[in-house]
Each structure stands twice: as C-alpha cells, then as structure tokens.
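The primary structure of each chain is shown beneath.
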Amino acid sequence: MKNFLGILFLIMGLSFYQAQLQEDVPMMKYEELEERIQKENDKLLVVNFWSTTCAPCVKELPDFMIINEKFKNNPNFKMILVSLDRPKDKEKVIQFIKKRNLTAEVVLLDDIKRMNTWIPKFDKNWEGNIPVTIFYKNGEKVHFNDGEMSKEELENTINKNL
Amino acid sequence: MKRFKTLFTAFVISFSIMSFAQKEKTGEPIKENTEKKGYQVGDLATDFQLKNIDGKMVSLKDFTDAKGFIVVFTCNHCPYAKSYEERITELDKIYKQYGYPVIAINPNDPKVQPQDGFKGMVTRAKDKGFTFPYLVDEGQKIYPQYGATKTPHVFVLQKEADKNVVKYIGAIDNNYENASEATEHYVKAAVDALIKGEPIKTTKTVAIGCTIKVKK
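What you see as residue numbers is a count from 1 along each chain, following the sequence as written. For this description, chains carry letters from A and ligands carry numbers from 1, given in the order in which they are written. Side-chain atom pairs in this predicted model are given and counted only at pLDDT of 80 or more, local residue features only at pLDDT of at least 70, and totals for whole chains, interfaces and linings cover all residues.

**Quick word on the nonpolar core**
1) Next: To form a nonpolar core, buried Ala, Val, Leu, Ile, Met, Phe, Trp, Tyr and Cys residues must be joined through C-beta atoms within 7 Å. Any residue whose C-beta has 12 or fewer other C-beta atoms within 10 Å is treated as exposed, any with 20 or more as buried, and any in between as partly exposed, C-beta atoms being built from the backbone. Core analysis: the biggest nonpolar cluster contains 85 residues, and B:Ile70, B:Val71, B:Val154, B:Phe155, B:Val156 and B:Val187 have the highest contact counts within it.
2) Next: Note on contacts: residues are paired as contacts if their backbone-placed C-beta atoms lie within 7 Å. With residues near it in sequence (within four places) discarded, B:Val71 still touches B:Ile103, B:Ile105, B:Val154, B:Phe155 and B:Leu157.

Given below as structure tokens:
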C-alpha cells in the first residue's frame, strides 16, 4: 500500500510537473538568441517568430502546440517560440502562455532597434513579415518557412529533417 | 568543430560544382532565385488607379507637379502600422512641399481582416488626421507588383522622364515603438538625398511588420 501511494504521488507529481507552464519569459538580444539556438546544436530545432498582436501567428500556435506535444519527448527535438512583443508587454506574453497553454519554450527578442541587422541574418529573403518558422538541424539552418504553416506542413518538415 | 566546418564547406563547394556541371551537361538552365518577387531599387514602378477614401480614383500621374512619391503600404489593424501613423503624416507634411507626397495604399483583403475594410479606412484616416490619399488595393493587384510583403512597407519613388524609379525600399526608421528613440530615419534620409541630388546611403532595409492578408 505504501508503495502504491508512493507511486501515486510520483505520478501526480510528474503530471503536475508536466502541466507546469513557463512562468517567466527571458528577454534577450539577437546574439543571446543565436547562442540559445546554437545550444540545441544536437537537435532538430524549430524556431517560430510570433507576437501576441499578430493574428496569423496566434492562429497557427495551437497547431504548433499539438505538434510540440507529439514530438517533445523525442530527445532530438526542440521547439522555441520567439516572441517579438514589446518588452513592456512581457506580462501579456506570460498571460498568453497560460491562457493558450503554450508548452514550448518562449523567449522574447528585445532588439527592435537592430531589426535591419538581425532579420537578414536569420534569412536573406526575410522581409520582416511574421509569422516565420526556421528549422535548424544540428545548428545549421535547413528550412526557412515564410508565413503561416499548417499542422501537416509543420509535421512533414519535422519528419523530413528529424 | 573547425575541422568539421572546413569539411562541410569543402563538401558544399564540391557538391555545388558537381550539380553545376550536371546542369551544364544536361543543358538545363541554372535556376535563378525566383523567390524574390517585386521591385528592386532601380526598377520602374507601375502606376495605378485606386479608390481613395473620398471615393475618387487616384493615380500617380495625377500629381503633375510631384518629383517623386513616398508610397506606403499600410492598414488599419496592424499594431506596427498604427504605431507609424503619425510619422507617416509627418513625412507627408514635410515632403509634400518638396514634391514628394505620401501615397498610402491598404493592401489587405477585408474578408480576411475585416478591420481593414473601406469604412474602417475612412474612419481611421479621419481619426488620425491623414493628410494624404489612403487608397484601396482592390483585387490586390498592385502590392504584389511592388513586392510589398507587410505593413508598413515603404517604396520611395523618383520621377525620371515621366517614369517612377524605385529609390528606396523598407522601413520608415529603426524604432517602431518609439519615434523619439529612432536613431536611423531611413525614409527621411532617402528623400533628403533625392532632394539634394545625392546618392542614398541606405537603399534597402527590413523590419518586422504584419504580413499582408491575402484573399483565400
């Protein structure tokens, strides 16, 4: 019985841990984001650029979460959502994570004055429209998706590169 | 890692040479980068006839005294566009007298983004005191020719022998959030240079904006 209870608590604890969402959003400059991306250089990394004010971004996020749930236990997979919201709207982003149950890691890129520097560094064809999604395999960019992505497109691109 | 990078580069180079040779052999044309559509700096910009918020049709050729234009693709709903409204009006106020008026065009399909409908445009222009034409890209035929991808997206044009030549493409400045904290004023610098007859230092910039809403 004791064992049973122990296991029960363990399961409860685990599920609580699983359901726990990010309570803070780290703010970073472009260089820090690059470092963050390079930290995942042993994985297929999906980086989605979005904003709480961007309707098509908000629309595609539930599909991204379904896909993230599907792949997140794969040690070779990681998803990062880069919010382009204003630093003063950070609280809004945190609330959004809760409300929309965003299970992927969220960071805020706080570097609006240097957009003309970092946008072309992510992709030379990127004009700055959002959403965009970039796929990195072992630290090298393998795909740049300009605009919205359907669940199928996202899943296919992951499967192709995983 | 370094060794890997060198190896990787060598691999990429040899692969490109191989694929190049392959294409040469089969006589296949080498594909140009067709992803980039729309105008580049130096291209001739098309004229248009689009409905203004007062119901009248507007074309660039109507502005017989103009030396050029500040064409701004913008809309009602987009937070980035909204944050630039006052600056767009300021550009018009400053540069109209030099012969470079602002022509704003809303490229969004109102069925996709209801706030960007004609009525919304009329209200927005009135509320914000727009001093410039605010045109509807009905049927979404003009913005793809220019290659606008987002709002706001600026194209500075210069009239040369009755043609409109694209001189600058991109953002208004480098701080959408706060005008007073912008350190680069790209559009102002471009038009100032045109007025003085000097070369434009920065002819192309990118910035985050709202993707143009296309009819489905």
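From this point, the discussion proceeds with the structure in view.
**Focus on the interface of chain A and chain B**
1) Next: On the chain B side, the residues contacting the 18 residues of chain A number 18 residues.
2) Next: The secondary structure listing takes helices from DSSP runs of H or I that are at least 4 residues long and strands from runs of E that are at least 2 residues long, numbered from the N terminus. In terms of residue count, the dominant contributor to the side of chain A that touches chain B is helix 5 (residues 115-122) of chain A (4 residues).
3) Next: The residue makeup of the side of chain A that touches chain B, split by class, is 9 nonpolar, 6 polar and 3 charged.
4) Next: With 2 bridges joining them, strand 5 (residues 129-130) of chain A and strand 10 (residues 209-211) of chain B adopt parallel strand pairing. Any residue outside Ala, Val, Leu, Ile, Met, Phe, Trp, Tyr, Cys, Pro, Asp, Glu, Lys and Arg is labelled polar, Gly included; the first ten of those are nonpolar and the last four are charged. Paired strands are those between which DSSP finds at least two bridges.

**Quick word on helix 3 (residues 118-128) of chain B**
Residues and elements named next belong to chain B.
1) Next: Regarding helix 3, the residues found buried are Met-121, Arg-124 and Ala-125. Seen from one end, helix 3 has its buried residues packed into an arc of 95°, which puts them on one side. Residues of helix 3 that are exposed and point over 90 degrees away from its buried face: Lys-119, Lys-126 and Asp-127.
2) Next: Buried residues along helix 3 sit against strand 5 (102-106) and strand 6 (134-136). It is the directions from the helix axis to the C-beta atoms whose arc is reported.

**Describing the packing of helix 3 (residues 55-71) of chain A against helix 6 (residues 151-161) of chain A**
All names here are of chain A.
1) Next: Axis lines are fitted to C-alpha atoms, over the contacting stretch for helices. Their N-to-C directions set the angle, which ranges from 0 to 180 degrees. Between helix 3 and helix 6, the shortest axis-to-axis distance is 9 Å and the interhelical angle comes to 35°. The crossing of helix 3 and helix 6 is right-handed. Contacts between helix 3 and helix 6 involve Asp-63, Phe-64, Ile-66, Ile-67 and Phe-71 from the former and Lys-151, Leu-154, Glu-155 and Ile-158 from the latter.
2) Next: Of the residues assigned to the contact of helix 3 with helix 6, the class counts are 6 nonpolar, no polar and 3 charged. Note: crossing handedness is left-handed where the near helix turns anticlockwise from the far helix by less than a right angle, and right-handed where it turns clockwise.

**Some thoughts on the sheet that holds strand 7 (residues 140-146) of chain A**
1) Next: Taken in spatial order, the 6 strands make up an open sheet running 1-4-3-2-6-7 (chain A), and their pairing is mixed. Each edge of the open sheet carries a strand with a single partner, namely strand 1 (27-28) and strand 7 of chain A.

**Digging into the sheet that holds strand 4 (residues 68-73) of chain B**
Residue and element names in this part refer to chain B.
1) Next: What the 8 strands build is an open sheet, ordered 1-9-8-4-5-6-2-3; its pairing is mixed. Both outer strands of the open sheet, strand 1 (44-45) and strand 3 (57-58), are each paired with one neighbouring strand and no more.
2) Next: With 7 bridges joining them, strand 8 (residues 153-160) and strand 9 (residues 163-170) adopt antiparallel strand pairing. Across the sheet, residue Phe-155 finds its bridge partner in strand 9, namely Ile-169.
3) Next: With respect to the sheet, helix 2 (residues 79-95) is in contact with strand 4 and strand 5, its orientation differing from that of strand 5 by roughly 150°.

**Overview of the pairing of strand 8 of chain B**
Residues and elements named next belong to chain B.
1) Next: Counting buried positions over the 8 residues of strand 8 gives 6, a clear majority of the element.
2) Next: Where strand 4 and strand 8 come together, 6 bridges link them in antiparallel fashion. In the strand pairing of strand 8, Val-71 is matched with Phe-155.
3) Next: If you look at the hairpin formed by strand 8 and strand 9, you'll find 2 residues sitting between the two strands, and Ala-161 has a positive phi there, around 50°.

Nothing here speaks to function; it is geometry throughout.
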